[in-house]
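Below, each chain spelled out in residue letters.
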Amino acid sequence: MTLSGLLVMLLSVGTVCILFAWCVFKVLTTPQETEKVHAVELHTPDMNEPD
Amino acid sequence: MAVAGSAVGLGNFLRFPGLAAQYGGGAFMLAYAISFLIIGLPIGWAEWAMGRHAGSLGYNSAPGAFAVIVRSRWAKFAGIIGVIVPVVIYMYYVVIESWCIGYAFNFWSGRLNLQDSRDAVGYFASFVGAGADASALELSSHKALPWLLTVFVFNFYLIYRGLSAGIEKMCNIGMPLLILLALVILARVMTLGAPDPSRPHDNVFNGLGYMWNPGKVQVVRTSPPPGAPPREVVGAEAVAEAEKEVAASSGALKLVRLSPWSQLGNPSLWLAAAGQIFFSLSVGFGVIIVYASYMKPKDDVVLSGLTASSANEFCEVALGGLITVPAAVAFLGVAGIAGQAGVGLGFKVLPLVFSKMPAGAFFGGAFFFMLFLAAVTSSISMLQPGIAFLEESLDVGRKASVAILGLLTTFGTGFVVYFTSDLKALDTLDFWVGTFLIFLLATIQVILFGWVWGIDRGFKELNHGAAFPVPPIFRPVIRWLCPGFLLGIFALWILKEILGYDLSSGSEGAVSGYVTDLLGDKSNLAAQLSIALVAAFMVFFGLITARSRAFRRAEQGLPKHD
């Protein structure tokens, strides 16, 4: 592994780790944010409708 | 936790390392990082915003969303790509999902004890039926078919009975466990050294170099035979040996040092990197636009999108990328990777890592089982765009829609598991749908957001309910940079891979294998039938779309229901 390879690796891995940690921090520390942040949630409203 | 859990899928641990290896590591990672920042993240935000806006008017499918945003007749037909992509990807994704549960079972039952790379490559080829068409169609635990039947029925049972929330809750426990397991495996990979002392250059350190070094060193044969593939060498000692070999070859070999910039001139690399970003973030996939349509007006789409993207990138770059490719170099060697890259790379390499771990069968089974759980949530999410489309266009209930989609995907998945020779059907669909159509849909979406819907209206919708607004720099990025970047890559890719124009020399070059599989003397029946299948689905969905009353209301800007 070359020095430039090591730098690219540290920069890439470091950036994604910091970004993910910051997002978790932001979600947990912003009031009521946990109710406003959603993922692709598998239970969709059409599942509750009668056929 | 739910956001992180839903973000993880097979793309992170299997598809990404396979592509990174296929495109040579370092330069691919540069293209990948640039693609994430300037197209993945902003187009993802655009998709979340357009989906939520369409949902506020009652439209949950991509054709409905496109029609209500553009308010023209053609838009709903462009939106069909947003149905085709997830439905077709589901048809092969569920096959890979079945490999995961099959490997997990065989690890736990002690039937998978692979000691060397030849064993691992051979077992995988036999399990998936890569030797010949229809060769995986046996009811044996060492073949894909019984696992595929189980997984396929399981997925449809969950969505037909509306039980997918249950699997989601399992994933809230399973995904942190998967990340924990991945960290344990990462620790083992980093301490592997050179597993075969007779091949000291095939070690993890050189594996990291292969993955991350921006420049490359290749040994190229000048004669004979001309055009033989170059052999890459990684590591100071291997390069020194290659220099001696070249000096002794009397001109038959030469050493070529490729800078990252020369590699970045390859449009296929950019197409693959951007395609992988889209695939793993589910951008241009037709999935986000559908799930965003179910969100409430005050939900935060900015932080939702960013958190899902960052969780994905963490799993992909910090875990998937650091485990599979370095381990592949350690076990298969740099030359060996060239022939084994692709989505199967993880199945060929990770069992060898587990064979070098204490309680390897337990860890192997647990890892592939967690991967299976992650894949189930992803595959179920791929069905929802098709379900929402059929509900909306045919005005039928959810169960009827699930039944129709079940029939279509049974046929498609059956096709993929039949044409397994060299995994040609899977590979063809993964390229033309899983890369090319995703790329096309993402391009259409960013043009819709930035130019048709309007950047001001789009950003107003995007920032509504957000904990922090999207930085203003993303306005010109979405309006100018994204479409320019995507259209530029697209044009260069067509020039090089379809028209066979060599961009570096300006002369006639080689046409992509994905194109020659479809046209000309080297055409392949499975590849041609794969494209015919996608075309048939497009025509079918197009006919339904043309007759839909809901989409006609959408074209007029009316809500779905009065």
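The shown structure was predicted, so the numbers you read here are calculated from the model rather than taken from an experiment. (Residues numbered from 1 in each chain as written. Chains lettered and ligands numbered in written order. Predicted model: local features only at pLDDT ≥ 70, side-chain atom pairs only at ≥ 80, totals over all residues. Heavy atoms only, no water.)

Novice: Would you mind showing me how to read the overall build of chain A here?
Specialist: When its secondary structure is counted, chain A shows 2 helices and 0 strands. Radius of gyration (C-alpha) of chain A: 19 Å, far over the 10 Å computed for a compact globule of 51 residues. Projected onto the principal axes, the alpha-carbon positions of chain A cover approximately 60 × 30 × 5 Å. Within chain A, the proportion of its 51 residues that are buried is 39%. (Helix = DSSP H or I, 4+ residues; strand = E, 2+ residues; numbered from the N terminus. Rg over C-alpha atoms; globule rule 2.2 N^0.38 Å. Buried < 20%, exposed > 50% of the residue type's maximum accessible area, 1.4 Å probe, protein only.)

Novice: Looking at this model, I keep getting lost on the pattern of salt bridges. Mind explaining?
Specialist: Between side chains of opposite charge, a pair can form when the charged atoms approach closely. Residue and element names in this part refer to chain B. Inspection of every chain in the model, using the stated rule, returns 13 salt bridges over all chains. The salt bridge partner of Asp430 is Arg15, with a shortest N-O separation of 3.2 Å. Placement of Asp430 in helix α19 (residues 424–463) and of Arg15 in helix α2 (residues 10–22) is noted, with a sequence separation of 415 residues between them. Both residues of the pair, Asp430 and Arg15, belong to the buried class. For Lys424, the salt bridge is made with Asp517, and the minimal N-O distance between the two is 2.9 Å. Placement of Lys424 in helix α19 and of Asp517 in the loop between α21 (513–516) and α22 (525–547) is noted, with a sequence separation of 93 residues between them. (Salt bridge = Lys/Arg side-chain N within 4 Å of Asp/Glu carboxyl O.)

Novice: What exactly am I supposed to notice about the confidence of the model for chain B here?
Specialist: Detailed reading of the predicted coordinates is not advisable wherever pLDDT is low. All names here are of chain B. Per-chain confidence: chain B averages 88 in pLDDT, with 96% of residues scoring 70 or above. Mean pLDDT across the elements of chain B bottoms out in helix α1 (residues 2–7) (63) and peaks in α22 (96). Interface confidence in the predicted complex, given as ipTM, is 0.92; pTM for the same model is 0.90. (pLDDT = per-residue confidence, 0-100.)

Novice: Just checking my understanding: could you explain the interface of chain B and chain A for this structure?
Specialist: How big an interface is tends to be stated in terms of the accessible area lost upon association of its parts. Between chain B and chain A, the residue contacts involve 48 residues of the former and 32 residues of the latter. Across the interface of chain B and chain A, roughly 3500 Å² is buried in total on both sides, 73% from carbon and sulfur atoms. Connecting chain B to chain A are 1 salt bridge. With its nearest N and O atoms 3.0 Å apart, the salt bridge here joins Arg398(B) to Asp46(A). For the pair chain B and chain A, the number of links is 3 residue pairs in polar contact (both at pLDDT 80 or more). The set of elements that each furnish at least two residues to the side of chain B that touches chain A consists of α1, α3 (26–56), α9 (164–190), α10 (204–212), α15 (301–340), α17 (360–394) and α18 (398–418) of chain B. Residues belonging to the side of chain B that touches chain A are distributed by class as follows: 26 nonpolar, 14 polar and 8 charged. (Contact = heavy atoms within 4.5 Å. Buried area = accessible area lost by both parts, 1.4 Å probe. Polar contact = N/O pair within 3.5 Å; in protein donor to acceptor, adjacent residues only side chain to side chain. Nonpolar A, V, L, I, M, F, W, Y, C, P; charged D, E, K, R; others polar.)

Novice: Even after reading the chapter, I still don't get a positive patch on the surface, so can you show me in this structure?
Specialist: On the surface, a cluster of positive charge is made up of Arg73(B), Arg547(B), Arg549(B) and Arg552(B). As for its placement among the helices and strands, Arg73(B) is situated in helix α5 (residues 73–79). (Patch = residues over 30% accessible without salt bridge, like charges linked within 9 Å, V, L, I, M, F, W, Y side chains within 5 Å. Areas by Shrake-Rupley, 256 points an atom, 1.4 Å probe, with all protein chains shown as cover. Lys, Arg positive; Asp, Glu negative; His and termini not counted. Charge placed at Lys NZ, Arg CZ, Asp CG, Glu CD.)

Novice: Hey, could you run me through α19(B) in this one?
Specialist: Residues lying three or four places apart along an α-helix face the same way, a consequence of the helix completing one turn every 3.6 residues. Residues and elements named next belong to chain B. Under the 1.5 Å per step criterion, the end-to-end length of α19 is only 44 Å for 40 residues, more than 12% shorter than the ideal 58 Å. Along α19, the sharpest kink reaches roughly 110 degrees, centred on Gly454. Burial within α19 is extensive, with 30 of its 40 residues counted as buried. Immediately downstream of α19, the backbone of Gly465 shows phi near 80 degrees, a positive value. (Expected span 1.5 Å × (residues − 1). Bend = angle between axes of the 7 residues up to and from the residue.)

Novice: Would you take a moment to explain the pairing of strand β1 (residues 216–221) of chain B for this structure?
Specialist: A regular strand places its side chains on the two faces of the sheet in alternate fashion. Residue and element names in this part refer to chain B. Counting buried residues in β1 gives 5 out of 6 residues, a clear majority hidden from the surface. Sheet topology places β1 next to strand β3 (residues 253–258); 6 bridges connect them, and they run antiparallel. Residue Arg221 lies in a different strand from β3, and its bridge partner there is Leu253. (Pairing = 2+ DSSP bridges.)

Novice: Quick question: what am I supposed to make of the nonpolar core here?
Specialist: Side chains that are nonpolar tend, in soluble globular proteins, to be buried together. Residues and elements named next belong to chain B. Residues Phe28, Ile89, Trp99, Trp212, Phe278, Phe368 and Phe449 are the most contacted members of the largest nonpolar core, which totals 218 residues. For this core, the element with the highest residue contribution is α15, accounting for 21 residues. Phe368 has contacts with Cys100, Tyr103, Ala104, Phe107, Gly346, Phe347, Leu350 and Phe354, leaving out every residue within four places of it along the chain. (Core = buried A, V, L, I, M, F, W, Y, C linked by side-chain atoms within 4.5 Å.)

Novice: Whenever I open this one, the sheet that holds β3(B) confuses me. Can you help?
Specialist: Backbone hydrogen bonds hold the strands of a sheet together, and the pairing may be parallel or antiparallel. All names here are of chain B. Strand order in the open sheet formed by 3 strands is β2-β1-β3, and the pairing between neighbours is antiparallel. The sheet terminates laterally at β2 (231–233) and β3, the two strands that pair on one side only. Neighbour-to-neighbour, the strand axes of this sheet turn through a mean angle of 30 degrees, independent of strand direction. Packed onto the sheet, helix α11 (residues 236–247) meets β1, β2 and β3 and runs at close to 140 degrees relative to β3. (Axes fitted to C-alpha atoms, helices over the stretch in contact; angles between N-to-C directions.)

Novice: Please clarify how the side chain of Gln263(B) should be interpreted in this entry.
Specialist: Residues and elements named next belong to chain B. Locating Gln263 in the fold gives a position in helix α12 (residues 260–263). Its relative accessible area of 9% is what places Gln263 among the buried residues. Looking at Gln263, its side chain comes within polar contact range of the main-chain oxygen of Pro214, at 3.0 Å. When near neighbours in sequence (up to four residues on either side) are disregarded, Gln263 contacts Ala27, Pro214, Gly215, Lys216, Leu258 and Leu269.

Novice: In this structure, what is going on with the packing of aromatic side chains? I would like to understand it.
Specialist: Each aromatic ring pair is specified by the distance between its two centres and by the angle formed by the two planes. Going through the model one piece at a time under the given rule, you end up with 51 aromatic pairs over all chains. A centroid spacing of 5.5 Å and a plane angle of 65 degrees characterise the contact between Trp22(A) and Phe468(B), whose relative ring orientation is edge-to-face. Placement of Trp22(A) in helix α1 (residues 3–29) and of Phe468(B) in the loop between α19 and α20 (474–498) is noted, with the two residues assigned to different chains. We classify Phe468(B) as buried; its relative accessible area is 16%. With a centroid separation of 5.5 Å and 85 degrees between ring planes, the pair formed by Trp99(B) and Phe347(B) is classed as edge-to-face. (Phe/Tyr/Trp six-rings, centres within 6.5 Å; stacked < 30°, edge-to-face > 60°.)

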